[in-house]
Amino acid sequence: MINDYFVLGEFNAVCFECGAKKKSGQLVRHWKGYYVCPQHNEPRHPQDYVAAPRPPSMPPYTQPPSDLFIVTNFPPAVPYDPNAT
Ligand SMILES: [Zn+2]
């Protein structure tokens with residue numbers, strides 16, 4: 001192989017993307033954790049760092065609404081007729 005040569009402190013490694021045989025010092029760490037050639041390295045997408053919007057804050061206290069009674073003592077609009085069909 002062409003890349004079979006000795007470099008002190010390094011070892012042969014394979015690019016995770018293209019499979020090319022390189023020395024370990026020539027590969028860079030991908031954000032997913034594996035090692036690739038520098039030309040195959042891609043930065044992490046900025047949308048991965050977007051935080052979800054925070055939910056609206058709650059009021060300090062709440063209480064149920066009080067019942068509202070409306071007094072209706074008005075006479076009916078139509079007088080009651082018991083013989084009506
Ligand atoms: Zn590669």
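Here's a quick rundown of the structure. Keep in mind it's a predicted model, so treat the numbers as computed, not measured.

So, about the overall build of the chain. From N to C terminus, the chain includes 0 helices and 4 strands. Since a compact globule built from 85 residues should have a radius of gyration of about 12 Å, the 39 Å found for the chain marks it as more spread out than a globular shape. If one aligns the C-alpha atoms of the chain with their principal axes, the spans along those axes are about 115 × 40 × 15 Å. Put simply, the chain has 85 residues, and 4% of those count as buried.

To continue, consider the environment of Q39. Looking at the element boundaries, Q39 is found in the segment after β4 (35-36). With 12 residues separating them along the chain, Q39 and L27 place their C-alpha atoms 9.6 Å apart.

Let us look at the environment of P55. Its location among the elements puts P55 in the segment after β4. Between the C-alpha atom of P55 and that of C37, which follows or precedes it by 18 residues, the distance is 42 Å.

Cut-offs and rules
- Residues numbered from 1 in each chain as written.
- Predicted model: local features only at pLDDT ≥ 70, side-chain atom pairs only at ≥ 80, totals over all residues.
- Helix = DSSP H or I, 4+ residues; strand = E, 2+ residues; numbered from the N terminus.
- Rg over C-alpha atoms; globule rule 2.2 N^0.38 Å.
- Buried ≥ 20, exposed ≤ 12 C-beta atoms within 10 Å, placed from the backbone.

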